[in-house]
Amino acid sequence: LDMGAEPSIAFEAHKTYLLRCVVSPDSRLLATASADHSIKLWSIPKMILSHTLSGHQRWVWDLDFSSDSASVVTGSSDNSARYWAISTGEALNVFN
């Protein structure tokens, strides 16, 4: 289905597979999760990298923002979930 739409911006988010991307509820950030074990937070609309969240040991398959856009939860095939503060990029909790 070709709707004639062109992307307004293109950028390389990760060096390997992008597995999930989610826009924050306040529409200010895009979070991307990857097979490179990282999560990246990008400011919208210019797609400037604000944080790289590191700590997972395997692919990061899922993520979602809190309703107030202040934190993000990630899930990885390392059998852990992490709860991150967006303001600092630090993991507040790790669940195994």
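Scroll up for the structure.
Residues numbered from 1 in each chain as written. Predicted model: local features only at pLDDT ≥ 70, side-chain atom pairs only at ≥ 80, totals over all residues. Heavy atoms only, no water.

Novice: Tell me what's going on with the sheet that holds strand β4 (residues 48-53), and back it up with residues and numbers.
Specialist: Strand order across the open sheet formed by four strands is β1-β2-β3-β4, with antiparallel pairing between neighbours. Two strands bound the open sheet, and with one partner strand each, they are β1 (18-23) and β4. Pairs of neighbouring strands in the sheet enclose a mean axial angle of 20°, with direction left out of account. (Pairing = 2+ DSSP bridges. Helix = DSSP H or I, 4+ residues; strand = E, 2+ residues; numbered from the N terminus. Axes fitted to C-alpha atoms, helices over the stretch in contact; angles between N-to-C directions.)

Novice: I'd love a proper account of the pattern of salt bridges, names of residues and values included.
Specialist: Evaluated as defined, the whole model comprises two salt bridges. The partner of Lys15 in a salt bridge is Glu12, with the nearest N and O atoms 3.5 Å apart. Take Lys15 and Glu12: they sit in the same class, and that class is exposed. The partner of Asp62 in a salt bridge is Arg20, with the nearest N and O atoms 2.7 Å apart. You can see Asp62 sitting in strand β5 (residues 60-65) and its partner Arg20 sitting in strand β1, a full 42 residues away along the chain. (Salt bridge = Lys/Arg side-chain N within 4 Å of Asp/Glu carboxyl O. Buried < 20%, exposed > 50% of the residue type's maximum accessible area, 1.4 Å probe, protein only.)

Novice: Could you give me a rundown of the environment of Ile9, with the residues and numbers involved?
Specialist: Note that Ile9 resides in the segment before β1. You can call Ile9 partly exposed: its relative accessible area is 39%. Each C-alpha atom of the pair Ile9 and Pro45 lies 8.9 Å from the other, and the pair is 36 residues apart in sequence. When residues no more than four places from it in sequence are discounted, the contact partners of Ile9 are Pro45, Lys46 and Met47. (Contact = heavy atoms within 4.5 Å.)

The values are spatial; any link to function lies outside them.
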